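Descriptive structure summary
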Amino acid sequence: MKKVRKSITALMLAIVMVFTVIPAMASAKTVQEQSVFVNGVKVKYAQPPITINGTTMVSARETIESLGLSFTWDKANKRIIGSNGEMTVVMMLGQYTGVVNGASVFLGSPAVERGGRIMVPLRFLVDSMGAVMEAKNGRISIKDNSKTKSKYYTGLPLQITNTYVKNLSQSKVTVHFVNYFYADGQLFPERNDVTIAKGKKGVFTSSALNTGDQSAEDEELIFFGRVIEYVSIDGKEIPNKSFGFVEDAYYDDKFKQSISDMYKRMLKEAEQEQKAMLKQELVKNNYVPLKFSRSQISYNSIGYPEADISFRNVTEKTIVSFELTFDCYDAYGDKVNHLFGNSNRFKAMASQTDMKSGASHTFTWSLDNYYRTAKISNIKVNKVAFSDGTVWKRK
């Protein structure tokens, strides 16, 4: 067993325990007067190329077909499959890694949907196919080389995706593959095999995992990727021509660093998405910092009512205190006035709440002096104090 030379950063290990799949959120812009040519033929796009985070994104179907691959949109799994049998590329919507003949490859930007088209990183497709790309004067020229020039060419009679492998040979085939998991500074190869009849498909073990996901059996193990090592056909072993290249990539420190960078990007984009959602919620909530979600009446150990009210902090700040009021009613809908007053309006305050941005919490107030209360209504937040010293007041 090989050993990894350096461990993944502590940040990556912390984040991976929290995040699974987070939709990508990035600004995009149209590439001005950018044309793509494959072997001298212009690719006709219904949706023009765009750039996301400096990555040129092109419509998947037209580009994949221009490179000599069939195009399949797997709607159920939100993935694109481009294949000519011996070369197969897979990209999942919103995922930071693609798959080439079963091998995991990091993308400049995840596949996204724009204008009814799935946009994918052009560089990934070009490199996967072993093609050559040159950009000059608004023109991207791609020369599609033989598939044997691709670093990922296996030389095996198989169609290999991220989840299954299809037997293209005329005989039964046993596929020997390796899943790579990372833990405690080491990469652990897990060897498996699957026997497949002529023209049929076989499913990989751990087929549901993407690069960076936790193992379903052991949360300490992080899935890096997989590769086919060799196949057995009619008693003969045939090696995968790209096995050494792919395995070396998994053991390289750059791969670990790419996973760490991927989760940093995902965290940043999740924060951006959270802020955008909070801004929308704040507007819909008429700029009141706390959004009411639900309320109920419960009873303490001696039978007195308590008001349980849930709020969500829809600001980007931390709330440390707030004041609110609500009306108290009995089971018949009649007002329940204060025991020593003539108003059914309850005034409450919550202090030392330390309610973070986007957090939800349920607060409880005793209604001893409104002991017949069975329901409350007309809940209004009147003041909110933030950790930065600022205060919001209802006008």
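**Digging into the overall build of the chain**
- The helix and strand inventory of the chain stands at 5 helices and 28 strands.
- Over its C-alpha trace the chain gives a radius of gyration of 29 Å, far above what one expects of a compact globule, namely 21 Å for 395 residues.
- Summarising its shape, the C-alpha atoms of the chain cover approximately 95 × 50 × 40 Å along the three principal directions.
- For the chain, the residues scored as buried account for 48% of the 395 residues in total.
- Once local pairs closer than 6 in sequence are excluded, the contacts in the chain between residues at least 24 apart make up 64%.

**Concerning the nonpolar core**
- Judged by nonpolar contacts, the single largest core of 48 residues is most densely connected at Val36, Val120, Phe124, Leu125, Ile142 and Tyr180.
- Of the residues forming this core, the biggest block, 5 residues, is contributed by helix 5 (residues 253-284).
- Leaving out residues up to four positions away in the same chain, leucine 125 has contacts with Thr63, Ile64, Leu67, Val89, Met91 and Val120.

**Focus: the pattern of salt bridges**
- As enumerated under the stated definition, the model contains 12 salt bridges in all.
- A salt bridge links aspartate 388 to lysine 317, with the shortest nitrogen-to-oxygen separation between them at 3.2 Å. Taken together, the positions of aspartate 388 in the loop between strand 27 (375-386) and strand 28 (391-393) and lysine 317 in the loop between strand 23 (305-313) and strand 24 (319-329) put the pair 71 residues apart, joining distant regions of the chain.
- Exposure remark for aspartate 388: the relative accessible area of 46% places this residue in the partly exposed category.
- Aspartate 330 serves as the salt-bridge partner of arginine 372, at 3.1 Å between the closest nitrogen and oxygen. Residue arginine 372 is found in the loop between strand 26 (360-366) and strand 27, and its partner aspartate 330 is found in the loop between strand 24 and strand 25 (345-355); the two are separated by 42 residues along the sequence.
- You can call aspartate 330 buried: its relative accessible area is 7%.

**A short note on a nonpolar patch on the surface**
- Together, Ile302, Tyr304, Leu339, Phe340 and Tyr371 give the surface a local cluster of nonpolar side chains, amounting to about 580 Å² of exposed area.
- On the secondary structure map, tyrosine 371 appears in the loop between strand 26 and strand 27.
- Tyrosine 371 sits in the partly exposed class, given a relative accessible area of 45%.

**What about the pairing of strand 27?**
- Direction of pairing for strand 24 relative to strand 27: antiparallel, over a ladder of 9 bridges. Note on strand 27: the bridge partner recorded for glutamate 323 is lysine 383.
- As paired strands, strand 27 and strand 28 are joined by 3 bridges and run antiparallel to one another. Its bridge partner being in strand 28, alanine 385 is matched across the sheet by valine 391.
- In sequence, strand 27 turns back onto strand 28 through a hairpin of 4 residues, with glycine 389 there showing a positive phi of about 95°.

**Some remarks on the confidence of the model for the chain**
- Across the chain, the average pLDDT comes to 90, with 91% of residues at 70 or higher.
- Here residues 1-26 is modelled with pLDDT under 50, and outside its nearest four sequence neighbours on either side it reaches 66 contacts, counting other chains as well.

**Details of unusual backbone geometry**
- The phi dihedral of asparagine 39 is positive, around 55°, even though this residue is not glycine.
- Within the secondary structure layout, asparagine 39 lies in the loop between strand 2 (35-38) and strand 3 (41-42).
- For asparagine 53, which is not glycine, the phi dihedral falls at a positive 50°.
- Among the secondary structure elements, asparagine 53 is positioned in the loop between strand 4 (50-52) and strand 5 (55-59).

**Description of the sheet that holds strand 21 (residues 236-239)**
- Strand order across the open sheet formed by 4 strands is 18-17-20-21, with antiparallel pairing between neighbours. Each edge of the open sheet is held by one strand with a lone partner, namely strand 18 (186-196) and strand 21. Sheet twist, expressed as the average angle between the axes of neighbouring strands with direction ignored, equals 30°.
- As paired strands, strand 20 (residues 222-233) and strand 21 are joined by 4 bridges and run antiparallel to one another. From the neighbouring strand, tyrosine 230 faces strand 21, where its bridge partner is proline 239.
- Across the face of the sheet, helix 4 (residues 243-251) comes into contact with strand 17 (173-183), strand 18 and strand 20 while running at roughly 165° to strand 20.

**So, the sheet that holds strand 23**
- Ordered by their spatial adjacency, 3 strands build an open sheet running 22-23-26, and the pairing between neighbours is antiparallel. The open sheet has two edge strands, strand 22 (290-299) and strand 26, and neither has a second partner. Neighbour-to-neighbour, the strand axes of the sheet open up by a mean angle of 20°, direction not taken into account.
- Bridge count between strand 23 and strand 26: 7 bridges; the pairing is antiparallel. Directly across from isoleucine 309, in strand 26, lies its bridge partner phenylalanine 363.

**Describing the environment of valine 120**
- Turning to its location among the elements, valine 120 is positioned in strand 12 (residues 117-121).
- Put simply, valine 120 and isoleucine 80 are 40 residues apart on the chain and 9.4 Å apart in space, counted from C-alpha to C-alpha.
- When residues no more than four places from it in sequence are discounted, the contact partners of valine 120 are Thr56, Met57, Val58, Ala60, Ile80, Met91, Ala111 and Leu125.

**Some words on the environment of glycine 155**
- You can see glycine 155 is positioned in the loop between strand 14 (139-143) and strand 15 (158-160).
- Taking the C-alpha atoms as reference, glycine 155 lies 28 Å from glycine 212; in sequence the two are 57 residues apart.

**A few points about helix 4**
- Listed as buried for helix 4 are Phe243, Val246, Glu247, Tyr250 and Tyr251. Looking down the long axis of helix 4, one finds its buried residues gathered within 135° of arc, a one-sided arrangement.
- Of the surrounding elements, those touching the buried residues of helix 4 are strand 10 (103-106), strand 17, strand 18, strand 20 and helix 5.

About the thresholds
- Residues numbered from 1 in each chain as written.
- Predicted model: local features only at pLDDT ≥ 70, side-chain atom pairs only at ≥ 80, totals over all residues.
- Heavy atoms only, no water.
- Helix = DSSP H or I, 4+ residues; strand = E, 2+ residues; numbered from the N terminus.
- Rg over C-alpha atoms; globule rule 2.2 N^0.38 Å.
- Buried < 20%, exposed > 50% of the residue type's maximum accessible area, 1.4 Å probe, protein only.
- Contact = heavy atoms within 4.5 Å.
- Core = buried A, V, L, I, M, F, W, Y, C linked by side-chain atoms within 4.5 Å.
- Salt bridge = Lys/Arg side-chain N within 4 Å of Asp/Glu carboxyl O.
- Patch = residues over 30% accessible without salt bridge, like charges linked within 9 Å, V, L, I, M, F, W, Y side chains within 5 Å.
- Areas by Shrake-Rupley, 256 points an atom, 1.4 Å probe, with all protein chains shown as cover.
- Pairing = 2+ DSSP bridges.
- pLDDT = per-residue confidence, 0-100.
- Axes fitted to C-alpha atoms, helices over the stretch in contact; angles between N-to-C directions.
- Arc of directions from axis to C-beta.

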